[in-house]
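Descriptive structure summary
Here is how the chains run, residue by residue.
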Amino acid sequence: GLATAATLGRRPPVTGAELRSAVPLPPAFEVPLPLPAVLKPVAPGRYEITQRVADVEILPGVRTPMWTYGGTFPGPTIESRRGQAITVTHRNELPVPTVVHLHGGRTPAESDGYPTDLVLPAGWSGGHGHAMPDPRAVQSRVTRTYTFPLDQRPAMLWYHDHRMDFTAPAIWRGLAGLHFVRDDAEEALGLPSGPRELPLMITDRAFAADGSLDYPSLDATLRERPGVRESFLGGVLGDVILVNGAPWPIHEADAARYRLRILNGSNARHYELEAVTDDGRRLPLVQVGADQGLLAAPVTHASLPIGPAERYDVVVDFASVPVGGRVRLLNRLGTGRTAEVMAFRIARPARDDSRVPAVLSQDLPSWDSPARVREFSFRAGPMPGGHGWLIDGRPFDPSRTDVTVGLGDVEVWRLVADVHHPIHLHLAGFRVLSRGGRPPLPHDAGLKDTVSLRPGEAAEIITRFDGYRGRYLFHCHNAEHEDMGMMANLEVR
Ligand code: C2O
Ligand code: CU
């Protein structure tokens with residue numbers, strides 16, 4: 001956004017700069033993998049979350065003050081059933097305004113977390129140098145109740161902060177949690193379940209000497225650090241890889257199939273994941289689902305690239321690993337410690353009744369005969385006060401409608417990138433039609449809500465805008481790019 005773009009430099013780097021932690025880091029594969037607690041409803045279908053500052057133990061023995069949903073990082077997991085509406089009431093006890101967005105949710109516009117629909121903290125006066133958005137566009141409260149119809153395919157969604165200009169630091173400080181939508185048909189497939197279904201939220205972070213999270217633009221009192229942000233135009237990377245909020249964790253597993261529900265919740269880091277045994281064998285990653293739920297049929301990968309905000313639903317079979325052995329989840333795009341993510345220690349032989357059916361779903365939408373074809377460019381460029389990230393040459397402006405689509409219309413969008421941009425569309429899941437003029441890649445299968453464009457690449461997506469009318473967004477999910485302007489308004493009429 002405009003407020004932060006004022007401090008940007010002139011020459012955007014292609015990739016983000018990596019922060020160095022100033023505390024001793026634990027060895028890899030010693031901290032147990034935490035599983036986020038499942039949130040209990042206060043009444044059937046009604047949830048409450050208090051956003052507050054809490055000290056969280058991320059690194060062993062180190063207290064890290066974080067901005068949390070309910071006191072933990074990740075926030076509590078919400079478990080929902082398809083078509084059963086829920087409400088979530090958020091109370092803001094943080095020192096800053098917030099906005100909650102359910103990423104991947106088919107949500108009415110008034111509950112979609114528009115970047116100026118703020119949940120104000122009690123007593124907020126607009127201090128700390130934060131620019132307040134146009135008051136005419138703001139509906140603000142100390143608590144806010146979001147309604148989610150969840151009339152959509154089963155999938156792992158996630159909820160996170162979405163405030164204009166400040167999404168990246170808010171997510172970095174901890175405002176992210178998982179949300180599952182499930183249904184009977186998916187459960188009847190026999191995929192690994194119970195303790196053999198693991199959510200894995202992968203994020204990178206960096207820690208200052210006092211144990212707090214380091215973030216380049218804001219100091220501990222939320223003041224801008226002049227000149228620092230310009231070297232992070234490409235995005236902020238940390239040198240510590242967390243899974244579910246634990247550094248390079250390890251999980252004791254059975255010698256059986258596991259279903260891994262993977263989210264790249266990082267601000268800017270891309271990963272290419274592979275599962276490698278102690279003797280150097282790569283275990284196949286059998287993808288059963290994408291951002292928006294099950295594939296039609298499984299797709300097997302040796303390694304799986306994952307950009308910010310993307311999710312993959314993957315089955316890995318540990319049956320061939322000797323008891324006592326390890327399987328490491330590695331990142332082929334990392335160097336040194338960022339090349340390691342987590343490990344599984346195969347603790348015991350086990351019986352396995354799970355299966356991966358050859359047909360996973362038959363309700364995958366595909367569309368043809370688009371009413372319109374549009375093209376959008378995602379590029380760095382000049383904006384008031386310096387350089388930013390632009391869509392079709394313009395930075396985000398909440399008072400402008402960039403695209404109007406008709407409810408129920410099928411459209412093809414051609415997305416053109418200068419550098420890596422994971423492009424996310426609210427409301428509507430889409431299929432990837434092509435990449436670089438070629439057929440989509442194996443990991444583009446299924447219904448997506450985020451497509452990770454590679455440098456210089458154009459991709460075509462097709463979708464149908466159905467569900468709700470109103471104002472939605474599309475944007476780059478490199479969270480720093482998003483804050484620096486790469487977001488646009490989509491009006492469904
Ligand atoms: Cu994950 Cu517009 O957000
Ligand atoms: Cu981007």
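Residues numbered from 1 in each chain as written. Chains lettered and ligands numbered in written order. Predicted model: local features only at pLDDT ≥ 70, side-chain atom pairs only at ≥ 80, totals over all residues.

**Some details on the overall build of the protein chain**
Threshold: The helix count covers DSSP runs of H or I at least four residues long, the strand count covers runs of E at least two residues long, and both are numbered beginning at the N terminus. The burial criterion counts other C-beta atoms lying within 10 Å of a residue's C-beta, which is placed from the backbone; the residue is buried at 20 or more, exposed at 12 or fewer, and partly exposed between these limits. Here contacts are defined at the residue level, using C-beta atoms placed from the backbone and a cut-off of 7 Å between them.
Looking only at helices and strands, one finds 4 helices and 33 strands in the protein chain. Counting only residues that meet the buried cut, the protein chain has 49% of its 493 residues in that class. Considering only contacts in the protein chain between residues 6 or more positions apart, those separated by 24 or more positions represent 79%.

**Some remarks on the domain arrangement of the protein chain**
When the parts of a complex come together, some accessible area is lost, and that lost area is often taken as the interface size. So the rule is basically this: How far each domain reaches was decided by an automatic or database domain assignment. Three categories are distinguished: nonpolar for Ala, Val, Leu, Ile, Met, Phe, Trp, Tyr, Cys and Pro, charged for Asp, Glu, Lys and Arg, and polar for the others, with Gly belonging to the last.
Here the domain parsing of the protein chain yields domain 1 (2-15 + 30-183), domain 2 (194-349) and domain 3 (372-492). In this structure, domain 2 and domain 3 have C-alpha centres spaced 25 Å apart. The element that contributes the greatest number of residues to the side of domain 2 that touches domain 3 is strand 19 (residues 293-301), accounting for 4 residues. Considered class by class, the residues forming the side of domain 2 that touches domain 3 number 11 nonpolar, 8 polar and 2 charged.

**Side note on the confidence of the model for the protein chain**
Applicable threshold: On a scale of 0 to 100, pLDDT captures the predictor's confidence in every residue.
Model confidence for the protein chain is summarised by a mean pLDDT of 92, while 90% of its residues fall at 70 or above. Confidence, read as mean pLDDT per element, is least for helix 1 (residues 2-5) in the protein chain (33) and greatest for strand 15 (residues 257-264) (99). Throughout residues 1-14 the model reports pLDDT below 50, and contacts reaching past four residues in sequence, or to other chains, amount to 52 contacts. Confidence drops under pLDDT 50 across residues 128-138; counting only partners more than four residues distant or on other chains, this segment forms 18 contacts. Two numbers describe this predicted complex: its pTM, 0.93, and its ipTM, 0.99.

**Some details on the sheet that holds strand 31 (residues 458-464)**
Condition: In short, DSSP must find at least two bridges between two strands for them to pair. To get an axis, a line is fitted to the C-alpha atoms, and for a helix only the part in contact is used. The angle between two axes follows their N-to-C directions and goes from 0 to 180 degrees.
If you walk across this open sheet you meet the 5 strands as 25-24-27-31-29, and the pairing is mixed. Strands with a single pairing partner mark the edges of an open sheet, and in this sheet they are strand 25 (386-391) and strand 29 (430-435). Across the sheet, the axes of successive neighbouring strands diverge by a mean angle of 20°, strand direction being ignored. With 6 bridges joining them, strand 24 (residues 372-383) and strand 25 adopt antiparallel strand pairing. Across the sheet, the residue bridging to Arg-379 is Leu-390, located in strand 25.

**Quick word on the UniProt feature "domain: Plastocyanin-like" (unreviewed entry) in the protein chain**
This is how it is decided: UniProt positions are given in the numbering used here, feature names are shortened, and annotations may be inferred rather than shown by experiment.
Mapped onto the present numbering, the UniProt feature "domain: Plastocyanin-like" (unreviewed entry) falls at residues 55-185 and 388-492. Secondary structure over residues 388-492 splits into 5% helix and 48% strand, and the C-alpha atoms at its two ends are 27 Å apart.

**Observations concerning unusual backbone geometry**
A cis amide bond links Phe-73 to the next residue, Pro-74, at an omega of -10°. Tracing the backbone shows Pro-74 in the loop between strand 3 (63-69) and strand 4 (78-81). The phi torsion at Ala-309 lies on the positive side, around 80°, for a residue other than glycine. Structurally, the position occupied by Ala-309 is in the loop between strand 20 (304-306) and strand 21 (311-317).

**Here's the deal with the pairing of strand 31**
In terms of residue burial, strand 31 counts as a mostly covered element, since 5 of its 7 residues are buried. Of the strand pairs in this sheet, strand 29 and strand 31 are connected by 5 bridges, and their pairing is antiparallel. Bridge pairing in strand 31 links Ser-434 to Glu-460.

**With respect to the sheet that holds strand 15**
Strand order in the open sheet formed by 7 strands is 13-12-10-15-21-18-19, and the pairing between neighbours is mixed. Only two strands of the sheet have a single partner each, and these edge strands are strand 13 (246-247) and strand 19. Direction of pairing for strand 12 (residues 240-243) relative to strand 13: antiparallel, over a ladder of 2 bridges. Pairing of Leu-242 across the sheet is with Pro-247, part of strand 13.

**Regarding the pairing of strand 5 (residues 86-92)**
When strand 2 (residues 46-57) meets strand 5, the two strands line up parallel, connected through 6 bridges. In the sheet register, Glu-48 faces strand 5, and the bridge partner there is Thr-89. Of the pairings in the sheet, the one linking strand 5 to strand 7 (residues 143-148) comprises 6 bridges and is antiparallel in character. Paired with Thr-89 across the bridge in strand 7 is Thr-145.

**Observations concerning the environment of Asp-117**
Take Asp-117: it is sitting in the loop between strand 6 (100-103) and strand 7. Residue classification places Asp-117 among the buried residues on the basis of 27 C-beta atoms within 10 Å. Residues Asp-117 and Pro-149, 32 residues apart in the sequence, show an inter-C-alpha distance of 19 Å.

**Some words on the environment of Val-299**
Examined against the element boundaries, Val-299 turns out to sit in strand 19. Judged by C-beta crowding, with 20 C-beta atoms within 10 Å, Val-299 ranks as buried. Separated by 146 residues in the primary sequence, Val-299 and Ala-445 place their C-alpha atoms 8.1 Å from one another.

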